[in-house]
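A structural walkthrough
The chain contents come next:
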Amino acid sequence: MQLSNGRKAFYITISILISFVFWFYVNNSASVDYVISDIPVEFINSESALANKGLMLISGNDATVDLELVMPRSMVYDFDTERVRLIADLNSINTTGTQSLTYSITGVDTSRITVKSPTIRTISVRVGELFRRNDVDIRCKLVGNVADGFVAGSVQLLPSKLEIWGQQSDVMQVSYAQVTLNIENARSTIVELLEFELYDYNDKLIENKNIHSSSDAVQVTMPVISATDIPLVVSFEEEPGIRKESFDYSLDVTSVTLSGDANLLAQVKEIELGRIALSEIENERTFTYEIPVPDGLTNLSGVTSATLTIKNRDIVAREMAVTKFSYENFEAEDRKVEVVTSSLNVVLRGTAETLEKLTEESVTAVADLSGVNNASGTYTVPAEIRVDGGYDVGTAQSFELTVRIEQAEAPADAGTDTESEPEAAEGKNDDADSNG
């Protein structure tokens, strides 16, 4: 029976597909070579096995191997080369010199994959004596500035010293390790884990992979705290006639920088060093004060004392005899007061210009009788010097006046006055009669 053209085409297509499937199956099951280049050899037990024995790898620690694998074609597309690792155990090395070290391969399914090359799985390394130092200084380089109104504290490094090891010729070149901390516009304490760099004694960067260290980074802590300048002041005790405008004075330290909690700092407007009675400054004197620091705050200035120099510019004294007296605080109407003191020497103080204007008439000694208000007799009572005209003068002395208090003279008897009036009237009548 003859096939139609359509059926013939159909059978041809089916035959091709079956052939392709059969070919794909046979081809996919075939083994192929697969090459992985430059696989680094990883070393284990380098610390426990070598360093504890006083040994170290001098060369060979950067060894790589090219692996040639044989695997089914079907595995090629999904094979993960990142899982392939070459592991070399240093535990077997006990001496210096060139050593042959065996490595193992992991990450390869040996039930389906065969390692074709290399057939001898060893690498060559060179081992030398290890030299160790544990006294390498760590320095911190600061970059930038903290924000205004803040101050950077002392940098703290952990560890404070770095331990390094390697060949003696390499290790002895190291002068210090350095970390770099950026503090630009910092407003709070900075804590960072920073990598370090090694420098030689000429401050040149050392780039040597054969120098090893106990840690790869350094923890850097730098306190950043609020700080402000607080003015230092001295209080002056004035008296009448003695004002601070008549003195020249200066502090050798006018402010200190305090740091601490922002709320505590806000409460401190100034620091008072002490008080000076201006009446005690006759010429020039100096005073040294310890600078008190409020609790909870720290003085960052490094200055612990301040010295005040003060000079009397134009306060003078004038001696004067007071002859004008008065009294106060006495209200008894049945007694009278007499100031017995006739003259009182006083020393008045004020500016020279003011004292020149005073006259004896402008100065009065006023006795205070509040303590003898109900008494009679002669008493010595306290007195106060008063100056008329509003002049600003004063005195450092205390004064007393002697006063006499006695019964006031009684007024004439009213009965006697009554009797005299008729007599006077009678006399007037007699006169009238005579005239008549």
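So, a few notes on the structure that sits alongside this text. (Residues numbered from 1 in each chain as written. Predicted model: local features only at pLDDT ≥ 70, side-chain atom pairs only at ≥ 80, totals over all residues. Heavy atoms only, no water.)

**A short note on the overall build of the protein chain**
Rule in force here: Numbering goes from the N terminus for both helices and strands, where a helix is a DSSP run of H or I of at least four residues and a strand is a run of E of at least two. The buried label applies to any residue whose accessible area, calculated with a 1.4 Å probe on protein chains only, is under 20% of its type's maximum; exposed applies above 50%, and partly exposed to all values in between. Residue contacts are counted whenever heavy atoms from the two residues lie within 4.5 Å of one another. All accessible areas in this document rest on Shrake-Rupley with a 1.4 Å probe, and a residue is counted as covered only by the protein chains that are shown.
For the protein chain, the helix and strand inventory stands at seven helices and 31 strands. The proportion of buried residues among the 436 residues of the protein chain is 33%. The long-range fraction of contacts in the protein chain, counting pairs at least 24 apart against all pairs at least 6 apart in sequence, stands at 76%. For the protein chain, the computed accessible surface area is about 27000 Å², with 46% contributed by carbon and sulfur atoms.

**Comments concerning the side chain of Thr364**
In this structure, Thr364 sits in strand E29 (residues 363–368). When neighbours within four sequence positions are excluded, Thr364 is seen to be in contact with Val322, Lys324, Phe325, Ser326, Glu384, Ile385, Arg386 and Asp388.

**Considering the sheet that holds strand E3 (residues 64–72)**
What counts is decided by this rule: Strand pairing requires that DSSP identify at least two bridges connecting the strands. In this description, a line fitted to the C-alpha atoms serves as the axis of each element, helices being fitted only across the stretch in contact, and the angle between N-to-C directions of two axes falls anywhere from 0 to 180 degrees.
The strand order across the open sheet built from seven strands is E2-E7-E5-E4-E1-E3-E6, with neighbouring strands paired in mixed fashion. Edge positions in the sheet fall to strand E2 (55–59) and strand E6 (114–117), since each of these pairs with one other strand and no more. Taken over all neighbouring pairs, the strand axes of this sheet differ in orientation by 45° on average, direction set aside. The pairing of strand E4 (residues 85–89) with strand E5 (residues 97–106) spans four bridges and is antiparallel. Bridge assignment links Ala88 to a residue of E5, and that residue is Tyr103.

**Digging into the packing of aromatic side chains**
To keep things clear, this is the line we draw: Centres within 6.5 Å make a pair out of two Phe, Tyr or Trp rings, where for Trp the six-membered ring is used; the pair is then stacked when the planes are under 30 degrees apart, edge-to-face when over 60, and tilted otherwise. Only when the NZ atom of a Lys or the CZ atom of an Arg is both within 6 Å of the ring centre and within 35 degrees of the ring normal do we say a charge sits over the ring.
Per the counting criterion, the structure on display carries five aromatic pairs. Note on Phe236 and Tyr249: the rings are 4.6 Å apart at their centroids and 50° apart in plane angle, and the pair reads as tilted. Placement of the pair is Phe236 in strand E18 (residues 224–237) and Tyr249 in strand E19 (residues 247–251), with a sequence separation of 13 residues. Exposure remark for Phe236: the relative accessible area of 16% places this residue in the buried category. For Tyr249, a relative accessible area of 40% puts it in the partly exposed group. For the ring pair Tyr327 and Phe330, a centre distance of 6.4 Å and an interplane angle of 85° mean the geometry is edge-to-face. Relative accessible area serves as the criterion here: at 35%, Tyr327 is assigned to the partly exposed category. For the cation-ring pair, Arg132 lies above Trp165, with the distance from its terminal atom to the ring centre recorded as 4.8 Å. Over the face of the ring belonging to Tyr176 we find Arg139, whose NZ or CZ atom lies 3.7 Å from the ring centre.

**Re the layout of surface pockets**
Under the convention used in this document: Cavities and pockets were defined on a 1 Å grid built from protein atoms only: a cavity is a group of points that admits a 1.4 Å probe but offers it no way out, a pocket is an open group of points flanked by protein on both sides within 12 Å along at least five of seven lines, and a lining residue is one with an atom within 4 Å of any such point. Grid points are joined across faces, edges and corners, and a volume is the space filled by probe spheres set on the points. Three classes are used: nonpolar for Ala, Val, Leu, Ile, Met, Phe, Trp, Tyr, Cys and Pro, charged for Asp, Glu, Lys and Arg, and polar for all others, with Gly counted as polar.
Here the largest pocket is characterised by a volume of approximately 380 Å³. What lines the largest pocket is a set of 14 residues, among which Phe196, Leu198, Asn208, Ile211 and Ser213 lie closest to the centre. Of all the elements in the fold, those that place two or more residues in the lining of the largest pocket are strand E14 (197–199), strand E15 (205–206) and strand E16 (212–213). For the lining of the largest pocket, the residue count by class is six nonpolar, three polar and five charged.

**Quick notes on the sheet that holds E19**
A sheet is described by the order of its strands in space; here three strands give the open sequence E19-E24-E22, paired in antiparallel fashion. The outermost strands of the open sheet, each flanked by one partner alone, are E19 and strand E22 (284–290). Taking the axes of each pair of neighbouring strands and ignoring which way they run, one obtains an average angle of 15° across the sheet. Pairing of E19 with strand E24 (residues 305–312) involves five bridges; the strand directions are antiparallel. From the neighbouring strand, Phe247 faces E24, where its bridge partner is Asn312.

**Re the environment of Phe196**
Along the chain, Phe196 falls in the loop between strand E13 (190–195) and E14. Put simply, Phe196 and Val179 are 17 residues apart on the chain and 4.7 Å apart in space, counted from C-alpha to C-alpha. Not counting the four nearest positions on each side in its chain, Phe196 is found in contact with Leu162, Ala177, Gln178, Val179, Ser213, Ser215, Asp216, Ala217 and Val218.

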